[in-house]
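Topology and contacts: notes
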Amino acid sequence: MVLLNLKNLKLREKSTNIIRRIVQISAFLLINYIILEFIFSINLISLEGFFKVFPVLNSPRNPLSEGAGILEYIFYSITQGLFPILLIGAFILIILLTNRFFCGWICPIGTIQDGITALPIDTKSMKMTTHKTLLKVKYIIIALLVILIIPLGITRVTDLALYVEFRDNLGPLAQKPIGFFSLSEFIFVFFPNMIASIWTSGGLAPLFSDIGLLAMFAIYIIIIVLSVWYPRFYCRYICPFGAVASTISTFSFLKLSRSPVKCVGRQECGICERVCPKQIRILDEPYQFFTGNGECNMCLECKEKCPYAAINIKFG
Ligand code: SF4
Ligand code: SF4
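Just so it is clear, the model here is predicted, and its values are computed rather than measured. (Residues numbered from 1 in each chain as written. Chains lettered and ligands numbered in written order. Predicted model: local features only at pLDDT ≥ 70, side-chain atom pairs only at ≥ 80, totals over all residues.)

Points about helix H11 (residues 183–201)
For H11, with 19 residues, the first-to-last C-alpha span of 25 Å sits near the 27 Å given by 1.5 Å per residue. The largest bend along H11 reaches roughly 35 degrees and is located at Phe190, with the proline Pro192 sitting one to four residues downstream. Listed as buried for H11 are Leu183, Ser184, Glu185, Phe186 and Phe188. Lining the buried residues of H11 we find helix H7 (108–117), helix H13 (211–229) and helix H14 (233–237). Just past H11, the residue Gly202 takes up positive phi, approximately 75 degrees. (Helix = DSSP H or I, 4+ residues; strand = E, 2+ residues; numbered from the N terminus. Expected span 1.5 Å × (residues − 1). Bend = angle between axes of the 7 residues up to and from the residue. Buried ≥ 20, exposed ≤ 12 C-beta atoms within 10 Å, placed from the backbone. Contact = placed C-beta atoms within 7 Å.)

Below, the structure is given as structure tokens:
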């Protein structure tokens, strides 16, 4: 009987993992559809509008994709003095209905991080106090962005000359505020451009030509390296999309719940917490439903690996 249950558990684990990997890889290829166009000599330009407002974070300068993600369009509209009520409404509705499913199953940057974590190296847990402090970083980034872009939008409609001066001083941050902090920007734009410059110049001079560039390069390399040991490091602590989405997803209709009858607790088990890539203290969350303060990305690792089938999806 025990053997049969273990077999069922393994099958369940495998099927969810396989389905999620297939969805992630398919989404990665579709969002970066230029790869598919190149391989299969097909025209997928009709996907452009769809992926432009997808609820994920992509770089608007990514040469493989036209999509930047809905948050980028909301922020860009605000810099233009517009209040995109429809986009904001659509964004809130998607998160309320799907929680952060798009982070766990669709986002190409999430997929890249999951790929890095899949390296055969044991992952680690961040010290809880450090984890809690670092969680605040993404909220600080989004707050700074809001502080910068709201006055930009106001000057756009009240004082055009001041707007132009302000916009020029902000540089690329004014054009693509969210993409500026996107790991996708580093992987698909900054890094390949830097390698091309180093290749053309025949030395590392381009990397050291600007202290800002060097700092950005170092920070993103550190983020990628840390993702080997700390799953979804960028999602947890840096992603501006994650900051906004987690604030809304706390109120999402789609959640997880834990049966207090089936769950045997941390002392005897605790597997769910050990496998959670977002390091959520699932067993400290209310059992009726939990979102880990909006950090849960609905990857369902905890649900699938729970040996007692104590975790369930809940809607409502
Ligand atoms: S894995 Fe399941 S049984 Fe184990 S602690 Fe988590 S919810 Fe409880
Ligand atoms: S709580 Fe479960 S579903 Fe949410 S991120 Fe952690 S493992 Fe994934």
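Examining the site of ligand 1
Residues in contact with ligand 1 amount to 14 residues; listed here are only the nearest, Cys263, Cys269, Ile271, Cys272 and Cys306. Elements supplying a minimum of two residues to the shell around ligand 1: helix H16 (265–268) and helix H17 (271–275). Tallied by class, the residues present in the shell around ligand 1 amount to 10 nonpolar, 2 polar and 2 charged. (Near = placed C-beta within 6 Å. Nonpolar A, V, L, I, M, F, W, Y, C, P; charged D, E, K, R; others polar.)

A short note on the site of ligand 2
Cys276, Cys296, Cys299, Glu301 and Cys302 are the nearest of the 15 residues found near ligand 2. Of the residues that constitute the shell around ligand 2, the class distribution is 11 nonpolar, 2 polar and 2 charged.

Details of unusual backbone geometry
Positive phi, close to 70 degrees, is recorded for Leu300, a residue that is not glycine. Relative to the assigned elements, Leu300 resides in the loop between H17 and helix H18 (301–305). Owing to 19 C-beta atoms within 10 Å, Leu300 belongs among the partly exposed residues under this scheme. Unusually for a residue other than glycine, Ala309 sits at a positive phi of about 50 degrees. By the secondary structure assignment, Ala309 is in the loop between H18 and strand E2 (311–315).

Some remarks on the environment of Tyr237
Tracing the sequence through the fold places Tyr237 in helix H14. Through-space distance from the C-alpha of Tyr237 to that of Lys278 is 9.9 Å; in sequence the pair is 41 residues apart. Excluding residues within four positions of it along the chain, Tyr237 makes contact with Leu134, Leu135, Val137 and Lys138.

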